[in-house]
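Each chain is listed here by its residues.
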Amino acid sequence: MEKLVSPKVTKEIVERYGFKFSKSLGQNFLIDENILYKIIDGAEISKEDGVIEIGPGIGTLTQVLAERAGKVVAVEIDKNLLPILEETLREADNVEVIHQDVLKLDLHGLIRDKFEGKPVKVIANLPYYVTTPIIMKFLEERIPVSSMVVMIQKEVADRMQAKPGTKDYGALSVAVQYYCEPRMITKVPKSVFIPQPKVESTVIQLKVLENPKVKVKDERLLFDIVRAAFGKRRKTLLNALSSSNLGLDKEKIKEILSKSNIQEERRGETLTIEEFAYLADCIFAYRGQK
Ligand SMILES: C[S@@+](CC[C@H](N)C(=O)[O-])C[C@H]1O[C@@H](n2cnc3c(N)ncnc32)[C@H](O)[C@@H]1O
């Protein structure tokens, strides 16, 4: 089978099948071989690995993943792409296409049934309208994958990697860095897609940590605090936390911040994950005493 990753071959297939790109499904197909190999090489896959690909499109990445990985399960929501995938992946007998919305899939069950204990990695040129929900589903549901190499909107990648005290640092940075170590693989211009998206992209690797970066007594409380701290970015931590729904008045927050060695006039965007975790455990301990 001819390599799909070129403007000529992609256009030929799309036209032959009368396929219409759906904006609402985030369909921007990759047509640049250089970027394709940056994604594949960045994912460091071997024949020992299983791969979950989200949104194979016409099978551009899938074709090459099939050559490198032991097994590939590709999850595609658009039924109009199924006949195309049947043709383009005809020779790849280690690929299974599942017609589903990845957000509705039982991923624990899928890994158990399809990969027989193989290490599993996620690789995708993600549909931008659901990038964060898809990534957070894998992380929050603790889906046993060792890494995710994903092409996403540049701004979202910047936020995922941002460090405290920078403008991009926010609740998403804390959530992603709680579960993973992010690494930028490459920047991607708009010109490598058909049709061209409105935004620039980045390929990022999220190496999933064996244990979350910090240990906390109550994970939900940690993220309630993070959301409260960033929900009111302009406010000091004291004001942001005492006007949130944590159920603690200003005096109590003052006392807890002082105990945590965090100055009350700091803003949420300056706190490290370790500081958020310490604060969460102080609030947890206080609630326990009540
Ligand atoms: C950016 S395109 C990438 C296509 C192909 N992998 C490529 O690189 O050319 C995103 C793909 O994800 C599919 N998709 C969109 N939402 C999805 C969802 N919720 N579950 C599974 N696939 C989805 C789209 O139909 C499309 O094929």
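If you're wondering where the values come from, they're calculated on a predicted model, not measured in any experiment.

Draft legend 1. Representation of the nonpolar core. Leu30, Ile39, Ile123, Val150, Ile225 and Phe276 are the most contacted members of the largest nonpolar core, which has 79 residues in total. Here this core spans two domains, and each of domain 1 (7–208) and domain 2 (219–289) adds at least three residues to it. Residues within four places of Ile39 in sequence aside, it is in contact with Leu61, Ile123, Val149, Met151 and Val203.

Draft legend 2. Layout of unusual backbone geometry. Cis peptide bonds are those with omega within 30 degrees of zero, and the linkage from Ile194 to Pro195 qualifies with -20°. Here Pro195 is to be found in the loop between strand S8 (193–194) and strand S9 (201–208). Positive phi, close to 50°, is recorded for Glu44, a residue that is not glycine. With respect to the secondary-structure elements, Glu44 resides in the loop between helix H2 (33–42) and strand S2 (50–54). A count of 14 C-beta atoms within 10 Å places Glu44 in the partly exposed class. In this structure, Asn261 is a non-glycine residue whose phi angle is positive, near 60°. Mapped onto the elements of the fold, Asn261 is located in the loop between helix H11 (250–259) and helix H12 (273–289).

What counts and what doesn't
- Residues numbered from 1 in each chain as written.
- Predicted model: local features only at pLDDT ≥ 70, side-chain atom pairs only at ≥ 80, totals over all residues.
- Core = buried A, V, L, I, M, F, W, Y, C linked by C-beta atoms within 7 Å.
- Buried ≥ 20, exposed ≤ 12 C-beta atoms within 10 Å, placed from the backbone.
- Domains from an automatic or database assignment.
- Contact = placed C-beta atoms within 7 Å.
- Helix = DSSP H or I, 4+ residues; strand = E, 2+ residues; numbered from the N terminus.

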